[in-house]
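# Coordinate inspection notes
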Amino acid sequence: MIQRPRGTRDFGPAEMAKRRKVEQAMRDVCHRFGFGEVVTPTFEHSELFTLRSGQGIIDEMYVFKDKGDREMALRPEITASVIRFYVTDMSTSPKPLKLYYVGNCFRYENPQSGRYREFFQLGAELIGTKTPETDAEVIALAVNCIRDAGLENFVVRVGHIGILKSLVREQIKDEQTAAEVLRKIDKEDWDALGDMFDAKVLPRQLFDKITSIADIKGGVEELNNLEDSESTRHLKEIFEVLKLYGIDDAQVDLGIVRGLDYYSGMVFEIDAPRLGAEKQVLGGGSYTLSELFGGEPVFSTGFAIGIDRVVLASEAEREIQVEPPLDAYVIPAKDDMRKYAFGIVARLRSQGLNADVDLMRRTMSKNLKYASSVGARFAVIVGKDEMAKRSVTLRDMKTGKQELVLADEVGSAIAGSHG
Ligand code: HAM
């Protein structure tokens, strides 16, 4: 038997109905915020990601040579692709550009619950400005997506990577060491970071300063503990706009560094604490990438949501309710009524109802059992009497209540019973 590759999943119809419901709710929010959908390729030249995504991502990439000996990568994320698309085809479009996407991403990670080698993201990129209100708009979009996906327990943390990045880059001239320090801050691996300072003879005072900044977490008033700077003022303005958008429980967290290297300004994350180790359902921030891909520098802010984790977190709160997959299951009582049954099912389908019909020539009782096991709302039974009266017997599968309905009216009877 051929097994599925490690870290990948198959999704059956019941699971997909829940996933689509969550995804659709978030897509609707994107449209409400004026974002339009884009789709980019699943694989790209690997250079697109190696240029700026950071060592963490590069180590996890699926890279392969194609038949023309070009080095390709399965996308580990979608931001770089969207900015490549922008540089080649959309750079003259009116700004700001508001784009969103849904797609699968690939990272060679150690699989566990909430961490997969193929996973799904819904993300958004707002291209063309770097005002605080732009950052607030993107955070508001993210919060509304998570809320409308049905999640109630989540924490929004907002920071500014410029503060730690400029400190580290100023003090540590060796780029690789600086990147390593930032990575350790992102992972909150303070012991390993401390060891680095001891081993590399980096100044201990810098370590203390880093930890004191990374420790600034809590309500917006925490920003008053920071020296006045452009970054601090920018963050304060973001929180003011968030309040106007009705988001007043976002937290300050200056320890957010993010695993990807391209961020330069505001950074934010959303956690669903119920998920434990893999609790981060969303990450994002502001960055510039276009100049690396041959375009003019342009500021952007974006985020990506881990759809798999949002589904897991919602299910941990309460079961995701989906519509029954079938409105009607048509059962001919005997072989002579089969043709009549096909006419009925065709009509129900043409009226926009989800309808199915017995294809296995089962007995009535087996058919009723089947209708119940597939979650049909109604069984539509056609027997001799029904046929003679150009009617059907409509059986509500939940209550067991039956009534004779004219064939002409069965569609509207089922549609009308929805609410
Ligand atoms: P990221 O933080 O690497 O950011 O990924 C975003 C989200 O994808 C994570 O918060 C997590 O929920 C989900 N995720 C990541 N890796 C996995 C995995 N192995 N299994 C399941 N879920 C996973 C980005 O990808 C950036 N492109 C976000 C962004 C957009 N920044 C600016 N624009």
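For the structure, see preceding data.
Throughout what follows, the structure given in this document is the object of discussion.

What counts as what
Residues numbered from 1 in each chain as written. Predicted model: local features only at pLDDT ≥ 70, side-chain atom pairs only at ≥ 80, totals over all residues. Heavy atoms only, no water. Helix = DSSP H or I, 4+ residues; strand = E, 2+ residues; numbered from the N terminus. Rg over C-alpha atoms; globule rule 2.2 N^0.38 Å. Contact = heavy atoms within 4.5 Å. Lys, Arg positive; Asp, Glu negative; His and termini not counted. Charge placed at Lys NZ, Arg CZ, Asp CG, Glu CD. Polar contact = N/O pair within 3.5 Å; in protein donor to acceptor, adjacent residues only side chain to side chain. Buried < 20%, exposed > 50% of the residue type's maximum accessible area, 1.4 Å probe, protein only. Pairing = 2+ DSSP bridges. Axes fitted to C-alpha atoms, helices over the stretch in contact; angles between N-to-C directions. Salt bridge = Lys/Arg side-chain N within 4 Å of Asp/Glu carboxyl O.

What follows deals with the overall build of the chain. On a plain count of helices and strands, the chain comes out with 15 helices and 17 strands. Scaling as 2.2 N^0.38, a compact globule of 419 residues should have a C-alpha radius of gyration of about 22 Å, whereas the chain reaches 27 Å, well beyond that. For the chain, the proportion of contacts with a sequence separation of at least 24, taken over those separated by at least 6, is 66%. Put simply, the chain has 57 plus and 66 minus side-chain charges, and the middle of one group is 8 Å from the middle of the other.

This part covers the environment of Glu77. Locating Glu77 in the fold gives a position in the loop between β4 (71-74) and α4 (79-90). Between the C-alpha atoms of Glu77 and Arg107, which are 30 residues apart in sequence, the distance is 8.7 Å. With residues near it in sequence (within four places) discarded, Glu77 still touches Phe49, Ser53, Cys105, Arg107, Gln121, Leu260 and Tyr262. One polar contact links the side chain of Glu77 to the main-chain amide nitrogen of Ala80, over a distance of 3.2 Å. Among the polar contacts made by the side chain of Glu77, one reaches the side chain of Tyr262 at a distance of 2.6 Å.

A few words now on α4. Considered for burial, the residues of α4 that qualify are Thr79, Ala80, Ser81, Val82, Ile83, Tyr86, Val87 and Met90. Tucked inside the fold, the buried residues of α4 contact β2 (43-45), α2 (47-50), β5 (97-106), β6 (118-127), β11 (280-287) and β12 (300-306).

To continue, consider the sheet that holds β2. Judged by pairing direction, the sheet is antiparallel, and its three strands sit side by side in the order β2-β4-β3 without closing on themselves. The sheet terminates laterally at β2 and β3 (63-65), the two strands that pair on one side only. Adjacent strand axes in the sheet meet at a mean angle of 35°, parallel and antiparallel pairs treated alike. Sheet analysis places β2 next to β4, joined by three bridges and oriented antiparallel. Residue pairing for β4: His45 is matched across the bridge by Met72.

With that settled, consider the side chain of Thr40. For Thr40, the position within the fold is in the loop between β1 (36-37) and β2. Beyond its immediate stretch of four places on either side in the chain, Thr40 contacts Arg75, Ile78, Ser81, Val82, Arg84 and Phe85.

For the structure on display, the rule yields 30 salt bridges. Measuring nitrogen to oxygen at the nearest pair gives 3.2 Å for the salt bridge that ties Glu315 to Lys18. Here Glu315 is found in helix α11 (residues 307-317), whereas its partner Lys18 is found in helix α1 (residues 13-32), with 297 residues between them in sequence. Under the relative-accessibility criterion, Glu315 is labelled partly exposed at 30%. On the accessibility criterion, Lys18 (15% relative accessible area) is buried. Notably, a salt bridge pairs Arg20 with Glu23, separated by 2.9 Å at the nearest N-O pair. In this pair, Arg20 and Glu23 are both assigned in helix α1, three residues apart and thus about one turn of the helix distant. When salt bridges with common partners are traced through the structure, they connect Arg157, Glu188, Lys217, Asp253, Arg258, Glu269 and Asp271 into a single cluster.

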